[in-house]
Amino acid sequence: MATQHTAQAQRPVSVQRPLRVGLISISDRASQGVYADEGVPSLRTWFEKALTSPYEVQERLVADERDVITSTIIELVDILQCDLVITTGGTGPARRDVTPEATLAAATREMPGFGEQMRQISLKFVPTAILSRQVGVLRETDDHAALVLNLPGQPKAIAQTLEGLKDDHGNVVVSGIFAAVPYCIDLIGGPYIETDESVVKPFRPKKAAKVK
Ligand SMILES: Nc1ncnc2c1ncn2[C@@H]1O[C@H](COP(=O)(O)OP(=O)(O)OP(=O)(O)O)[C@@H](O)[C@H]1O
Ligand SMILES: Nc1nc2c(c(=O)[nH]1)N[C@H]1C(S)=C(S)[C@@H](COP(=O)(O)O)O[C@H]1N2
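As a starting point, this report considers the structure included with it. Model, not experiment: these values are computed from the prediction.

Here the focus is the nonpolar core. Across soluble globular proteins, nonpolar side chains show a tendency to be buried alongside one another. Counting residues in each nonpolar core, the largest one holds 43 residues, and the members touching the most others are Leu-84, Val-85, Leu-147, Val-148 and Val-181. Breaking this core down by element, the ones donating at least two residues are β1 (19–26), α3 (39–50), α4 (66–79), β3 (84–88), α6 (112–123), β6 (145–151), α7 (155–163) and α8 (181–187). Setting aside residues no more than four positions away along its own chain, Val-181 makes contact with Leu-84, Leu-147 and Ile-193.

Here it is as structure tokens:
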């Protein structure tokens, strides 16, 4: 039988289930109860605002301990089968900031564009943006893959880096990294993500977008 070469046929085949998201707040003081964690709540609020397709969330709060961070990422990806894991905190130059190293220890491949773009976005907000060593990676097992992204610890950096910056007329000044996340998840075999485009508009090549 002849293969049908339609635009639809070229779209990566998405699994039909909710996206599984892992949120990890990495903070010595929040994990010890010195202050209330704002990392996971800020991430959760952002996802509630941005995603219109179904998703499930796993949340963790851990100290800045390299082995604990690595094993938490591995648990979320290998056991709980998260498609996307986002960390917040521990990306700076202080001795106890070890999130990038811990993330690389769980990685199978690096996605350098995410760290580069986040620092570009953050430079629009703070001159200290370049102090963040944040990375983006893939963790791939035999039958599953996840995108893992580090965000800075300042709770307001979460919306800034995911969403980017718009001017007073709503025009995009700098694209948030989340614009590239849905297509990345398509390509690694996860579910098709849809968003509220007034928050962040995903970019997919035409052949990869679902016809609405
Ligand atoms: N989970 C959090 N909840 C609330 N505020 C946070 C959190 N993580 C970081 N912050 C704030 O952002 C700042 C920079 O974050 P960073 O990850 O460098 O934390 P830190 O100074 O190493 O301290 P800690 O690990 O104890 O949070 C912190 O000093 C704190 O004001
Ligand atoms: N968008 C954004 N990026 C930011 C910041 C911020 O406030 N907003 N803080 C910077 C600072 S001061 C530091 S030290 C680094 C690392 O922060 P972290 O250790 O909290 O991850 O992120 C940088 N990136």
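With six of seven residues buried, β6 lies mostly within the body of the structure. Where β3 lies against β6, five bridges are found, and the strand directions are parallel. Paired with Leu-84 across the strands is Leu-147, a residue of β6. With five bridges joining them, strand β5 (residues 136–140) and β6 adopt antiparallel strand pairing. Within β6, the position partnered with Arg-139 by the bridge is Ala-146. From the end of β5 to the start of β6, which pair antiparallel, there are four residues.

What follows concerns the sheet that holds β6. Strand order in the open sheet formed by six strands is β2-β1-β3-β6-β5-β4, and the pairing between neighbours is mixed. Two strands close off the open sheet at either side, each with one partner strand: β2 (55–62) and β4 (109–110). Its contacts with the sheet put α3 on β1, β2 and β3, and the angle it makes with β1 is roughly 150 degrees. Against the sheet, α4 engages β1, β2, β3, β5 and β6, with an angle of about 165 degrees to β2.

A word on the environment of Arg-17. In this fold, Arg-17 is placed in the loop between α1 (7–10) and β1. Separated by 157 residues in the primary sequence, Arg-17 and Val-174 have C-alpha atoms spaced 31 Å apart.

Taken together, 18 residues form the shell around ligand 1, and within it Ser-27, Arg-29, Glu-38, Gly-39 and Gly-153 come nearest. Top element by residues in the shell around ligand 1 is helix α2 (residues 28–32). It accounts for three residues. In the shell around ligand 1, the residues fall into four nonpolar, eight polar and six charged.

Calculation notes
- Residues numbered from 1 in each chain as written.
- Chains lettered and ligands numbered in written order.
- Predicted model: local features only at pLDDT ≥ 70, side-chain atom pairs only at ≥ 80, totals over all residues.
- Core = buried A, V, L, I, M, F, W, Y, C linked by C-beta atoms within 7 Å.
- Buried ≥ 20, exposed ≤ 12 C-beta atoms within 10 Å, placed from the backbone.
- Helix = DSSP H or I, 4+ residues; strand = E, 2+ residues; numbered from the N terminus.
- Contact = placed C-beta atoms within 7 Å.
- Pairing = 2+ DSSP bridges.
- Axes fitted to C-alpha atoms, helices over the stretch in contact; angles between N-to-C directions.
- Near = placed C-beta within 6 Å.
- Nonpolar A, V, L, I, M, F, W, Y, C, P; charged D, E, K, R; others polar.

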